[in-house]
Amino acid sequence: MVESVLTGKQKRFLRSLGSTMDPVVQIGKAGVVETVVDSARDVLAARELIKVRVLQNSPAEPGTAIAELAEAVQAELVQVIGRNGLLFKPNPEKSKIELP
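Here the structure is a predicted model, which means the values were calculated and not measured.

**Q** Account for the overall build of the protein, with residues named and values stated.
**A** If you tally the helices and strands in the protein, you get three helices and four strands. For 100 residues, the compact-globule formula gives about 13 Å, and the C-alpha radius of gyration of the protein, at 13 Å, lands near that figure. The principal-axis extent of the C-alpha atoms belonging to the protein is close to 35 × 25 × 25 Å. Across the 100 residues of the protein, 37% fall into the buried class. By sequence separation, contacts in the protein at least 24 residues apart represent 71% of the contacts at least 6 residues apart. Accessible surface, the protein as shown: approximately 5,800 Å² in total, 52% of it carbon and sulfur. Of note, the protein has its 13 positive side-chain charges centred 7 Å away from the centre of its 12 negative side-chain charges.

Here you go:
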């Protein structure tokens, strides 16, 4: 498990940004497979903050599946609510999100 580097204030800020987002990566019946990891990595590089949805037919529990994906792409797991999770990974070259 990756140690959290975000403060509570930063997580609150990211949660507020993520509340209006739509899920861009979905974990389905195959679970956290290479194609899901690749697509999450690509979207994270472009957006830095993404919402992930775990579908009903996923074999893993939502919290477990989202944590597994976060670890696979080396992203920060901001929160998990129900079947949705928020992942954050700053882009070192061109950062879009300015953390407080």
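And the narrative resumes.
**Q** Give a description of unusual backbone geometry that names residues and reports values.
**A** Here E48, not a glycine, exhibits a phi torsion of approximately 75°, which is positive. Positionally, E48 belongs in the loop between helix 2 (34-47) and strand 2 (49-54). Its relative accessible area of 1% is what places E48 among the buried residues. Residue Q74 is not a glycine yet carries a positive backbone phi of 55°. Secondary-structure assignment places Q74 in the loop between helix 3 (62-72) and strand 3 (76-81).

**Q** How would you explain the pattern of salt bridges if you had to name every residue and give the values?
**A** All told, the structure shown has one salt bridge when counted by the stated rule. A salt bridge links R41 to D38, with the nearest nitrogen and oxygen atoms 3.4 Å apart. Of this pair, R41 and D38 are both found in helix 2, three residues apart, which corresponds to roughly one turn of the helix. Look at R41 and you get partly exposed, because its relative accessible area is 36%.

**Q** Before we move on, can you summarise helix 3 with the specific residues and values?
**A** Structurally, the α-helix is built with 3.6 residues per turn, so residues lying three or four positions apart point the same way. Those residues of helix 3 that sit buried are P62, A65, I66, A67, L69 and A70. If you follow the buried residues of helix 3, they end up packed against strand 1 (25-27), helix 2, strand 2, strand 3 and strand 4 (84-88).

Conventions used here
- Residues numbered from 1 in each chain as written.
- Predicted model: local features only at pLDDT ≥ 70, side-chain atom pairs only at ≥ 80, totals over all residues.
- Heavy atoms only, no water.
- Helix = DSSP H or I, 4+ residues; strand = E, 2+ residues; numbered from the N terminus.
- Rg over C-alpha atoms; globule rule 2.2 N^0.38 Å.
- Buried < 20%, exposed > 50% of the residue type's maximum accessible area, 1.4 Å probe, protein only.
- Contact = heavy atoms within 4.5 Å.
- Areas by Shrake-Rupley, 256 points an atom, 1.4 Å probe, with all protein chains shown as cover.
- Lys, Arg positive; Asp, Glu negative; His and termini not counted.
- Charge placed at Lys NZ, Arg CZ, Asp CG, Glu CD.
- Salt bridge = Lys/Arg side-chain N within 4 Å of Asp/Glu carboxyl O.

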